[in-house]
Amino acid sequence: QQQVKQSPQSLIVQKGGIPIINCAYENTAFDYFPWYQQFPGKGPALLIAIRPDVSEKKEGRFTISFNKSAKQFSLHIMDSQPGDSATYFCAAVKAAGNKLTFGGGTRVLVKP
Amino acid sequence: NAGVTQTPKFQVLKTGQSMTLQCAQDMNHNSMYWYRQDPGMGLRLIYYSASEGTTDKGEVPNGYNVSRLNKREFSLRLESAAPSQTSVYFCASSRDFLSGDTQYFGPGTRLTVL
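Fair warning: this is a prediction, and the values are worked out from it, not measured in the lab. (Residues numbered from 1 in each chain as written. Chains lettered and ligands numbered in written order. Predicted model: local features only at pLDDT ≥ 70, side-chain atom pairs only at ≥ 80, totals over all residues. Heavy atoms only, no water.)

Participant: Tell me about the overall build of chain A, and please be specific about residues and values.
Facilitator: Broken down by element type, chain A carries zero helices and 11 strands. Starting at the N terminus and walking to the C terminus, you meet the elements of chain A as β-β-β-β-β-β-β-β-β-β-β. Taking 2.2 N^0.38 as the reference for a compact globule, 112 residues should give roughly 13 Å; the C-alpha atoms of chain A span a radius of gyration of 13 Å, in line with that estimate. Based on the C-alpha atoms only, the size of chain A along its principal axes is roughly 40 × 30 × 20 Å. By residue count, 48% of the 112 residues in chain A fall in the buried class. Sequence-distant contacts in chain A: of pairs separated by 6 or more residues, those separated by 24 or more amount to 54%. With an accessible surface of roughly 5500 Å², chain A has 50% of that area assigned to carbon and sulfur atoms. The positive charge centre, built from 13 side chains, and the negative charge centre, built from 7, are 7 Å apart in chain A. (Helix = DSSP H or I, 4+ residues; strand = E, 2+ residues; numbered from the N terminus. Rg over C-alpha atoms; globule rule 2.2 N^0.38 Å. Buried < 20%, exposed > 50% of the residue type's maximum accessible area, 1.4 Å probe, protein only. Contact = heavy atoms within 4.5 Å. Areas by Shrake-Rupley, 256 points an atom, 1.4 Å probe, with all protein chains shown as cover. Lys, Arg positive; Asp, Glu negative; His and termini not counted. Charge placed at Lys NZ, Arg CZ, Asp CG, Glu CD.)

Written as structure tokens, this is what we have:
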């Protein structure tokens, strides 16, 4: 049973569109929520991260929204570009330690 | 700096064979990790080493062993490979074993067990 559930599994948008990826968790011991971006043939790389005391965080065209009461968080990619085509993973980390628990991943394709 | 390096990049094994996946980092990080990536399941933690001299089991440790050879190197061994271990394996490192320390991933080893 996955502790972090991610949806959708795949997403296709036109250039300039806003892909939205959603994640949900059950364990309230999680206190750090990073998003990783992975290009084909490469390892994942940290994109943006948030802690539950903040409801939104923006870095460039990437925004995380966090709903602590619903135990849900999401990634929005503003003004998406073909170069954003990649697989995106949400993850969660418990307060004690640094073990990443990943969602299943979302493959995003941005068409020119 | 090369970051996190992994060898080999690709490997094909027959059931029952053994092999060791190598990982090294040049960032002077204290903590290192091994994950496996399977379609639809994200990455799952196999083993980790919070600091040099320590290793602990992650979510899916069965069938694997690890060695933290020194601060730079962390190897993953399959003693008797099984088809269920066909996967892409990623090594990662972080400065320390604290929630929020960014993990840096290597390029992966694609393993096929026939």
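Participant: Give a detailed account of the sheet that holds strand S8 (residues 74–78) of chain B, specifying residues and quantitative values.
Facilitator: Residue and element names in this part refer to chain B. Strand order in this open sheet of four strands is S1-S3-S8-S7, and the pairing throughout is antiparallel. Across the chains shown, the open sheet's two edge strands, defined by having one partner strand only, are strand S1 (4–7) and strand S7 (64–68). Each adjacent strand pair in this sheet contributes to an overall mean axis angle of 20 degrees, direction not counted. (Pairing = 2+ DSSP bridges. Axes fitted to C-alpha atoms, helices over the stretch in contact; angles between N-to-C directions.)

Participant: Which residues make up the interface of chain B and chain A, and what are the values?
Facilitator: One frequently used descriptor of interface size is the decrease in accessible area upon assembly of the parts. Across the boundary between the two partners, chain B contributes 22 residues, which contact 22 residues of chain A. Of the roughly 1600 Å² buried between chain B and chain A, counting both surfaces, carbon and sulfur atoms make up 52%. Taken together, the connections running from chain B to chain A amount to zero salt bridges. If you look at where chain B meets chain A, you find nine residue pairs in polar contact (both at pLDDT 80 or more). Looking at the side of chain B that touches chain A, the elements with two or more residues in it are strand S4 (31–37), strand S5 (43–49) and strand S9 (87–94) of chain B. Along the lines of polarity and charge, the residues of the side of chain B that touches chain A split into 11 nonpolar, nine polar and two charged. (Buried area = accessible area lost by both parts, 1.4 Å probe. Salt bridge = Lys/Arg side-chain N within 4 Å of Asp/Glu carboxyl O. Polar contact = N/O pair within 3.5 Å; in protein donor to acceptor, adjacent residues only side chain to side chain. Nonpolar A, V, L, I, M, F, W, Y, C, P; charged D, E, K, R; others polar.)

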